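Here is how the chains run, residue by residue.
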Amino acid sequence: MKQKIKKNDKVIVLAGKDKGKTGEVLAVMPKESRVLVSGVNMVTRHTKPSAQSTGGLVRKEASIHISNVAHIDPKSGKATRTGVKQLGNGEKALVARKSGEEIRRV
């Protein structure tokens, strides 16, 4: 299945412990159907010291399933489904179904 959510998209979490939180997509894992969202699903990792880091407790984002996030409507700031619209100059754009506002070019 083709994913409409891409890196740098603004999304809102629909389910889970972080329901209602918003953030930017940091990474998309299409094979696992998961996304990494900034500031959402924070976990604590116990890391060993290495040449690059001092180690200790590190807080970082864990992935969440792509079905638990939705694009944010640019007009209302709420979750919306999306569609693809043909623009006048032949380009395509991802648009919010609720308001018809353009989210990004495809």
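Residues numbered from 1 in each chain as written. Predicted model: local features only at pLDDT ≥ 70, side-chain atom pairs only at ≥ 80, totals over all residues. Heavy atoms only, no water.

1. Regarding the pairing of strand 7 (residues 69–72)
Pairing of strand 1 (residues 10–13) with strand 7 involves three bridges; the strand directions are antiparallel. Across the sheet, residue Ile-12 finds its bridge partner in strand 7, namely Ala-70. In sequence, strand 7 turns back onto strand 8 (residues 79–80) through a hairpin of six residues, with Gly-77 there showing a positive phi of about 80 degrees. (Pairing = 2+ DSSP bridges. Helix = DSSP H or I, 4+ residues; strand = E, 2+ residues; numbered from the N terminus.)

2. Side note on unusual backbone geometry
The backbone phi angle of Asn-8 is positive, close to 75 degrees, even though this residue is not glycine. Relative to the helices and strands, Asn-8 is located in the segment before strand 1. Note on Asn-8: relative accessible area 47%, which makes it partly exposed. A positive phi angle is found at Asn-41, which is not glycine, with a value near 60 degrees. For Asn-41, the position within the fold is in the loop between strand 3 (34–37) and strand 4 (42–47). Residue Asn-41 is classed as buried on the basis of its relative accessible area of 16%. (Buried < 20%, exposed > 50% of the residue type's maximum accessible area, 1.4 Å probe, protein only.)

3. A short note on the pattern of salt bridges
Applying the stated criterion across every chain yields a total of six salt bridges. With its nearest N and O atoms 2.6 Å apart, the salt bridge here joins Glu-24 to Lys-10. Placement of Glu-24 in strand 2 (residues 22–29) and of Lys-10 in strand 1 is noted, with a sequence separation of 14 residues between them. A relative accessible area of 48% places Lys-10 in the partly exposed class. Asp-18 is paired through a salt bridge with Lys-21; the nearest N and O atoms lie 3.2 Å apart. Judged by relative accessible area, Asp-18 falls into the buried class, the value being 10%. (Salt bridge = Lys/Arg side-chain N within 4 Å of Asp/Glu carboxyl O.)

4. Overview of the side chain of Thr-80
Mapped onto the secondary structure, Thr-80 falls in strand 8. Residue class for Thr-80 comes out buried when judged on its relative accessible area of 6%. Reaching out from Thr-80, the side chain makes a polar contact with the backbone nitrogen of Arg-97 at a distance of 3.4 Å. Polar contacts involving the side chain of Thr-80 include one to the main-chain amide nitrogen of Lys-98, which spans 3.4 Å. Those residues in contact with Thr-80 that lie beyond four places of it in its chain are Ala-70, His-71, Ile-72, Asp-73, Ala-96, Arg-97 and Lys-98. (Polar contact = N/O pair within 3.5 Å; in protein donor to acceptor, adjacent residues only side chain to side chain. Contact = heavy atoms within 4.5 Å.)

5. Describing a positive patch on the surface
Together, Lys-2, Lys-4, Lys-6, Arg-81, Lys-92 and Arg-97 line one region of the surface with positive charge. Looking at the element boundaries, Arg-81 is found in the loop between strand 8 and strand 9 (82–86). (Patch = residues over 30% accessible without salt bridge, like charges linked within 9 Å, V, L, I, M, F, W, Y side chains within 5 Å. Areas by Shrake-Rupley, 256 points an atom, 1.4 Å probe, with all protein chains shown as cover. Lys, Arg positive; Asp, Glu negative; His and termini not counted. Charge placed at Lys NZ, Arg CZ, Asp CG, Glu CD.)

6. Comments concerning the sheet that holds strand 11 (residues 102–105)
To summarise the sheet geometry, strands pair through backbone hydrogen bonds and adopt either a parallel or an antiparallel arrangement. Strand order in the open sheet formed by three strands is 9-10-11, with antiparallel pairing between adjacent strands. Bordering the open sheet on either side are strand 9 and strand 11, each of which pairs with just one other strand. The average undirected angle you get between the axes of adjacent strands in this sheet is 30 degrees. Strand direction decides the pairing type here: strand 9 and strand 10 (residues 92–96), joined by five bridges, are antiparallel. Within strand 10, the position partnered with Gln-86 by the bridge is Lys-92. (Axes fitted to C-alpha atoms, helices over the stretch in contact; angles between N-to-C directions.)

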